[in-house]
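Each chain is listed here by its residues.
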2 protein chains.
Amino acid sequence: MHQPLDVPTAILQRRSIKTFKSDPIPDELLHKLVELTVAAPSSWNLQDWRIVVVREPEQKAALQAAAFNQTMVTQAPVTFVFAADAYAWQEGLDRIFTQALESGAWNEGTVGYFKNAIPGFQTKLGDKNREYAVKDAMIAATHLVLAAESLGLSTCFMNGWSEDMVKAVIGAGDNPNLAIACLVPVGYAADPRQNPGRLPLEVNVSLDRLDNPYQA
Amino acid sequence: MHQPLDVPTAILQRRSIKTFKSDPIPDELLHKLVELTVAAPSSWNLQDWRIVVVREPEQKAALQAAAFNQTMVTQAPVTFVFAADAYAWQEGLDRIFTQALESGAWNEGTVGYFKNAIPGFQTKLGDKNREYAVKDAMIAATHLVLAAESLGLSTCFMNGWSEDMVKAVIGAGDNPNLAIACLVPVGYAADPRQNPGRLPLEVNVSLDRLDNPYQA
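What you are looking at is a predicted structure, and each value in this text was computed from that prediction instead of being measured. (Residues numbered from 1 in each chain as written. Chains lettered and ligands numbered in written order. Predicted model: local features only at pLDDT ≥ 70, side-chain atom pairs only at ≥ 80, totals over all residues.)

Draft legend 1. Representation of the overall build of chain A within the structure. In terms of helices and strands, chain A carries 9 helices and 5 strands. Its C-alpha atoms put chain A at 55 × 50 × 35 Å along the principal axes. Out of the 216 residues belonging to chain A, those deemed buried represent 50%. Sequence separation of 24 or more characterises 81% of the internal contacts of chain A that already satisfy a separation of 6 or more. (Helix = DSSP H or I, 4+ residues; strand = E, 2+ residues; numbered from the N terminus. Buried ≥ 20, exposed ≤ 12 C-beta atoms within 10 Å, placed from the backbone. Contact = placed C-beta atoms within 7 Å.)

Pasting the structure below:
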């Protein structure tokens with residue numbers, strides 16, 4: 001395994017790759033990617049992503065069919081499905097509290113506060129619970145993408161898929177609380193892609209107020 | 001400026017920091033962070049984030065009031081507001097196409113396809129246009145968080161704020177298409193924070209299907 005790239009280099013070098021070699025990802029490297037993915041932060045440390053690492057040929061073929069038949073899903077040795085559980089906060093909090101107490105990161109006071117604050121905040125979110133879970137899943141997916149790049153692999157954030165079909169493939173067809181955030185194929189790039197460029201900063205970055213364009 | 005951290009190190013070292021020193025971020029470093037933030041990928045390269053770098057004391061105070069009075073917003077020298085324009089795809093595409101044609105990343109065929117595919121896809125999204133724009137903004141915010149960590153700065157993803165109040169502060173109170181994705185204060189950590197831990201992988205990572213827990 002080569003020396004990982006630094007963050008600025010990984011960010012600037014990364015491109016959305018659409019073709020992959022058939023070379024497999026060694027188990028040890030895949031495991032490292034999974035660990036770096038779930039090291040991402042999440043709201044209240046809920047870890048409300050539900051990540052499915054799709055590697056079986058039959059499952060990859062089904063996933064490709066759910067993704068407008070984009071061949072990168074079967075070309076890549078592995079495709080990560082980032083699902084998000086909009087109501088993860090309604091169960092399993094005790095094990096999160098126990099871990100944080102054991103590590104010393106949170107004290108009893110923090111946990112006592114969270115026991116009220118989490119259901120209070122999330123209940124007020126109403127139909128935005130889905131959006132907040134999807135946000136956490138996107139943070140984790142971005143950790144995967146940059147970690148993979150740093151370790152010599154390529155990826156592509158994919159939005160082109162049918163949510164119902166992807167859910168059926170991973171076995172969540174009957175779970176209305178599960179949202180699909182994105183798919184990310186991971187593997188060794190077959191063909192390079194060029195940078196399509198970025199708009200001048202003053203178009204979508206501002207200083208203090210939207211009407212005050214950021215100037216380099 | 002010290003040598004940036006590699007991606008795995010930045011990911012594992014990063015904590016959500018809640019207290020900041022008053023030390024300012026040098027202009028050159030802030031500019032580097034902005035450049036690395038917008039280097040993030042987005043759906044169709046829409047770059048549909050609207051990023052407001054809040055630095056003025058009065059604006060930081062107003063933002064803190066919009067964020068349940070969390071003091072990290074005024075402690076940190078800069079807080080980034082990640083807004084997302086749900087209907088960015090309805091305008092400004094020509095400049096994105098022109099750039100990609102000039103760089104050679106896309107050819108006329110790609111652009112011709114995108115001219116139909118983008119409005120087709122986004123129109124079908126219906127009320128999910130907001131979610132898709134928020135996803136792009138979260139990718140960019142995660143680029144900022146990891147870039148900042150790699151360059152010796154600390155951050156915190158913040159979900160605790162009133163969307164209407166944040167929009168009013170940045171001057172978007174009258175724009176129904178603008179969503180707030182997250183706030184990210186950036187600065188030099190005053191107090192360290194410990195890792196609250198992560199659930200065992202078999203809880204929220206699966207192999208091929210949700211009912212097949214991933215085993216390390």
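Draft legend 2. Representation of the packing of helix 3 (residues 57-66) of chain A against helix 8 (residues 163-170) of chain A within the structure. Residue and element names in this part refer to chain A. The N-to-C vectors of helix 3 and helix 8 enclose an angle of 170°; their axes lie 8 Å apart at closest approach. Taken together, helix 3 and helix 8 sit at an angle that is classed as roughly antiparallel. Where helix 3 abuts helix 8, its residues Gln59, Ala62, Leu63 and Ala66 lie against Met165, Val166 and Val169. The residue inventory of the contact of helix 3 with helix 8, partitioned by class, reads 6 nonpolar, 1 polar and no charged. (Axes fitted to C-alpha atoms, helices over the stretch in contact; angles between N-to-C directions. Parallel < 35°, antiparallel > 145°, perpendicular 65-115°, else oblique. Nonpolar A, V, L, I, M, F, W, Y, C, P; charged D, E, K, R; others polar.)

Draft legend 3. Region of the structure containing the sheet that holds strand 1 (residues 49-54) of chain B. Pairing in this open sheet of 5 strands is mixed, and the strands run 5(A)-1(B)-2(B)-4(B)-3(B) from one edge to the other. Because the sheet does not close on itself, it has two edges, and the strands there are strand 5 (205-207) of chain A together with strand 3 (154-155) of chain B. Both strand 1 of chain B and strand 2 (residues 78-85) of chain B contribute to a ladder of 6 bridges, which runs antiparallel. The residue bridging Arg50 of chain B from the neighbouring strand is Ala83 of chain B, located in strand 2 of chain B. In the packing of helix 7 (residues 129-150) of chain B onto the sheet, the strands contacted are strand 1, strand 2, strand 3 and strand 4 (178-187) of chain B, and the crossing angle to strand 4 of chain B comes to about 5°. (Pairing = 2+ DSSP bridges.)

Draft legend 4. How the structure looks around the interface of chain A and chain B. Taken together, the contact between chain A and chain B spans 71 residues of the former and 71 residues of the latter. Counting only elements with at least two residues in the side of chain A that touches chain B, the list comes to helix 1 (7-13), helix 2 (27-38), strand 1 (49-54), helix 5 (93-103), helix 7 (129-150), strand 4 (178-187), helix 9 (201-204) and strand 5 of chain A. The dominant element in the side of chain A that touches chain B, judged by the number of residues it contributes, is helix 7 of chain A, at 11 residues. Of the residues in the side of chain A that touches chain B, the class split is 40 nonpolar, 19 polar and 12 charged. Direction of pairing for strand 1 of chain A relative to strand 5 (residues 205-207) of chain B: parallel, over a ladder of 3 bridges. Counterpart to Val53 of chain A in the pairing with strand 5 of chain B is Leu207 of chain B.

Draft legend 5. Highlighting unusual backbone geometry. Even without being a glycine, Asn69 of chain A presents a positive backbone phi close to 60°. Judged by C-beta crowding, with 10 C-beta atoms within 10 Å, Asn69 of chain A ranks as exposed. Residue Trp44 of chain B is not a glycine yet carries a positive backbone phi of 60°. By the element assignment, Trp44 of chain B lies in the loop between helix 2 (27-38) and strand 1.

Draft legend 6. Quick look at helix 7 of chain A. Residues and elements named next belong to chain A. Compared with an ideal rise of 1.5 Å per residue, which puts 22 residues at 32 Å, helix 7 spans 32 Å between its outermost C-alpha atoms and is within 8% of the ideal. Here helix 7 lies mainly inside the structure; 21 of its 22 residues are buried. Phi turns positive, to about 90°, at Gly152, one or two residues after helix 7. (Expected span 1.5 Å × (residues − 1).)

Draft legend 7. Region of interest: the nonpolar core. By size, the foremost hydrophobic cluster in this structure holds 140 residues, and its most contacted members are Phe82, Ala83 and Val184 of chain A together with Phe82, Ala83 and Val184 of chain B. Those residues in contact with Ala83 of chain A that lie beyond four places of it in its chain are Arg50, Val52, Ala137, Ile170, Ala172, Leu178, Ala179, Ile180 and Ala181 of chain A. (Core = buried A, V, L, I, M, F, W, Y, C linked by C-beta atoms within 7 Å.)

Draft legend 8. Representation of the relation of the copies chain A and chain B in the model. Superposing chain A onto chain B requires a rotation of 180° together with a translation of 0.0 Å along the rotation axis, leaving an RMSD of 0.0 Å. In symmetry terms, the pair is related by a two-fold rotation axis. For chain A, the smallest separation between a C-alpha atom and the rotation axis is recorded for Asp6 of chain A, amounting to 1.7 Å. Residue by residue, 100% of the interface of chain A is reproduced at the interface of chain B, so both copies engage with the same surface. (Least-squares fit on C-alpha atoms with pLDDT ≥ 70 in both.)

Draft legend 9. The environment of Ile17 of chain B, seen in detail. Residue and element names in this part refer to chain B. You can see Ile17 is positioned in the loop between helix 1 (7-13) and helix 2. Separated by 138 residues in the primary sequence, Ile17 and Thr155 place their C-alpha atoms 5.7 Å from one another. Not counting residues within four places of it along the chain, the set of residues in contact with Ile17 comprises Ser154, Thr155, Cys156, Ala189 and Arg193.

Draft legend 10. Focus on the sheet that holds strand 3 (residues 154-155) of chain A. A sheet is described by the order of its strands in space; here 5 strands give the open sequence 3(A)-4(A)-2(A)-1(A)-5(B), paired in mixed fashion. At either end of the open sheet lies a strand with only one pairing partner, and these are strand 3 of chain A together with strand 5 of chain B. When strand 2 (residues 78-85) of chain A meets strand 4 of chain A, the two strands line up antiparallel, connected through 8 bridges. Within strand 4 of chain A, the position partnered with Phe82 of chain A by the bridge is Cys182 of chain A. Taken strand by strand, helix 8 of chain A contacts strand 1, strand 2 and strand 4 of chain A, and its axis lies near 75° from that of strand 4 of chain A.

Function cannot be read off these values alone, since they describe shape.
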